[in-house]
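Chain by chain, the residues run as shown.
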Amino acid sequence: MTKPLPHVVVTRAIPEAGLALLRERATVWVNPEDRPLTRDELLAQAKDADGVIGLLTDRIDAGFFDACPKLRGYANYAVGYDNIDVPEATRRGLPVSNTPDVLTQATAELAFALILATARHIVASDAVLRSGQWSGWGPLQFIGTQLAGKTLGIYGPGRIGLAVARLSRGFDMKIITCGGRKPNPALVAEFGAASLPFEAFLAAADVVSITAPLTDTTRHAFNAAAFARMKPTALLVNTGRGPIIDEAALVVALREGRIAGAGLDVYEFEPRLAEGLAALPNVVITPHIGSATTEAREGMAVLAAQNLIAMLEGTTPPTCLNP
Ligand code: DGY
């Protein structure tokens, strides 16, 4: 008798390239709705699953593992994995994985788009034209900031931080970094980037690009005290995780001109925005689309599928998170 195929649950539709790989080796259930599963739906669907591919919006913790007695592994469709209790998975001998590298360039490109959009008021000036309110060229309209000669601070100098620095090459910016367990050797070798303590970093940067993961150290690192140390001309861009910024404090800092502008792709309480944020003229906001390119999303789907297949076959997944 042939062994039944393993059963895989995918908590939200992902590109077909990944699903096709899974279907060759498993029965696959894909959430048919264009929304995340509720907690109850997730636990109900996953209870008979041998493997699950989930999103950053799915909480993968002891309660989830308890509800899935047959589970042989969990693959995150994201590089960030603050939604997974990795130590708990490890304690239970369950492999878990993420999708690094395949989305590095896409996310760095969005960070740079936000830097440019914020520095040059692209969104606010577009809106004036669309609303029919432009009265013609004016010498003082939408005066922005030139990037050349300025200091770009990379907060979270990992793969994506390095890619942001590389994109800045044509803009002739000085690079400084902060965070990370140790200085990124490529950032040092290619840019001579100094790794600074947080307070010195804040004081020196003209543009801060957050590309850090969410950890106990980075949560609310950018709070009222941090904004007070930044230049009043500084721009803050976040493509990491929303809770790294105290969003209520950011609204105050932007409103009172303690910093000049912000470009945000991630939010503290997604999909909700802090009160007053969307009404500010000096902020550019995008809906968590850092990895939203065809190339990155297909790469993520294939890598998540490869990870889960390895787990089901009892081999080490390509990008395993367990130590
Ligand atoms: C990630 O991968 O962590 C992003 O936030 C979504 O692609």
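The model shown is predicted, which means the values in this text are computed figures rather than measured ones.

**Let's talk about the overall build of the protein**
Tallying secondary structure elements over the protein gives 12 helices and 12 strands in all. Here the protein has a C-alpha radius of gyration of 21 Å; the compact-globule value for 323 residues is 20 Å, and the two agree. Considering only C-alpha atoms, the protein reaches an extent of 80 × 45 × 35 Å along its principal axes. In the protein, which comprises 323 residues, the proportion classed as buried is 45%. Within the protein, residue pairs in contact and separated by at least 24 positions form 63% of the contacts whose partners lie at least 6 positions apart.

**As for the site of the ligand**
Near the ligand the following residues occur: Leu 56, Ala 78, Val 79, Gly 80, Leu 103, Gly 290 and Ser 291. Its residues placed into classes, the shell around the ligand shows four nonpolar, three polar and no charged.

**Here we look at the domain arrangement of the protein**
Each domain of the protein was delimited in the assignment, giving domain 1 (7-101 + 294-313) and domain 2 (104-285). Each of domain 1 and domain 2 has a C-alpha centre, and these two points are 31 Å apart. With six residues of domain 1 in contact, the opposing surface of domain 2 contributes six residues. Residues that form the side of domain 1 that touches domain 2 fall into these classes: two nonpolar, one polar and three charged.

**A closer look at helix α5 (residues 104-119)**
Its 16 residues give α5 an end-to-end C-alpha distance of 22 Å, which sits within 8% of 22 Å, the value for a rise of 1.5 Å per residue. Counting buried positions along α5 gives 13 out of 16 residues, so the element sits mostly inside the fold.

**Regarding the sheet that holds strand β2 (residues 27-30)**
If you trace the five strands from one edge of the open sheet to the other, you get β2-β1-β3-β4-β5, paired in parallel fashion. Edge positions in the sheet fall to β2 and β5 (96-97), since each has one partner strand and no second. Of the strand pairs in this sheet, strand β3 (residues 51-54) and strand β4 (residues 73-76) are connected by four bridges, and their pairing is parallel. Pairing of Ile 53 across the sheet is with Ala 75, part of β4. The sheet strands contacting helix α12 (residues 294-313) are β1 (7-10), β3, β4 and β5, and the helix crosses β4 at an angle near 170°.

**Structural notes on unusual backbone geometry**
Looking along the chain, the bond that leaves Glu 270 and enters Pro 271 is cis, with omega of 5°. Positive phi values are uncommon outside glycine, yet Asp 101 reaches one of about 70°. With respect to the helices and strands, Asp 101 occurs in the loop between β5 and α5. For Asp 101, a count of 15 C-beta atoms within 10 Å puts it in the partly exposed group. Here the phi dihedral of His 121 falls at roughly 55°; this positive angle occurs in a residue that is not glycine. Counting through the fold element by element, His 121 comes out in the loop between α5 and α6 (122-130).

**Regarding the sheet that holds strand β11 (residues 261-264)**
Across the sheet, which stays open at both edges, the seven strands sit in the order β8-β7-β6-β9-β10-β11-β12 with parallel pairing between neighbours. At either end of the open sheet lies a strand with only one pairing partner, and these are β8 (194-195) and β12 (283-285). Here four bridges tie strand β10 (residues 235-238) to β11, and the two strands are oriented parallel to one another. Considered in β11, the bridge of Val 237 is made with Gly 263.

**Observations concerning the UniProt feature "domain: D-isomer specific 2-hydroxyacid dehydrogenase NAD-binding" (unreviewed entry) in the protein**
UniProt feature "domain: D-isomer specific 2-hydroxyacid dehydrogenase NAD-binding" (unreviewed entry): in the numbering of this structure it lies at residues 112-290. Secondary structure over residues 112-290 splits into 31% helix and 15% strand, and the C-alpha atoms at its two ends are 10 Å apart.

**Structural notes on the packing of α5 against helix α7 (residues 159-167)**
Running from N to C, α5 and α7 point in directions that differ by 55°, and their axes come no closer than 8 Å. Relative to α7, the element α5 lies oblique. Our pair here, α5 against α7, has a crossing hand that is right-handed. Of α7, the residues touching α5 (which contributes Thr 104, Gln 105, Thr 107, Ala 108, Glu 109, Ala 111 and Phe 112) are Arg 159, Ile 160, Ala 163, Val 164 and Leu 167. Here the contact of α5 with α7 is composed, by residue class, of seven nonpolar, three polar and two charged.

**Quick notes on the UniProt feature "domain: D-isomer specific 2-hydroxyacid dehydrogenase catalytic" (unreviewed entry) in the protein**
According to UniProt, the "domain: D-isomer specific 2-hydroxyacid dehydrogenase catalytic" (unreviewed entry) feature falls on residues 8-322. Annotated as 35% helix and 14% strand, the span residues 8-322 places its first and last C-alpha atoms 20 Å apart.

**Section: the confidence of the model for the protein**
Here the protein averages 97 in pLDDT, and 100% of its residues register 70 or above. Per the prediction output, this complex has pTM 0.97; the corresponding ipTM is 0.98.

Analysis parameters
- Residues numbered from 1 in each chain as written.
- Predicted model: local features only at pLDDT ≥ 70, side-chain atom pairs only at ≥ 80, totals over all residues.
- Helix = DSSP H or I, 4+ residues; strand = E, 2+ residues; numbered from the N terminus.
- Rg over C-alpha atoms; globule rule 2.2 N^0.38 Å.
- Buried ≥ 20, exposed ≤ 12 C-beta atoms within 10 Å, placed from the backbone.
- Contact = placed C-beta atoms within 7 Å.
- Near = placed C-beta within 6 Å.
- Nonpolar A, V, L, I, M, F, W, Y, C, P; charged D, E, K, R; others polar.
- Domains from an automatic or database assignment.
- Expected span 1.5 Å × (residues − 1).
- Pairing = 2+ DSSP bridges.
- Axes fitted to C-alpha atoms, helices over the stretch in contact; angles between N-to-C directions.
- UniProt positions renumbered as here; feature names shortened; annotations may be inferred.
- Parallel < 35°, antiparallel > 145°, perpendicular 65-115°, else oblique.
- Left-handed = near helix turned anticlockwise from the far one by under 90°.
- pLDDT = per-residue confidence, 0-100.

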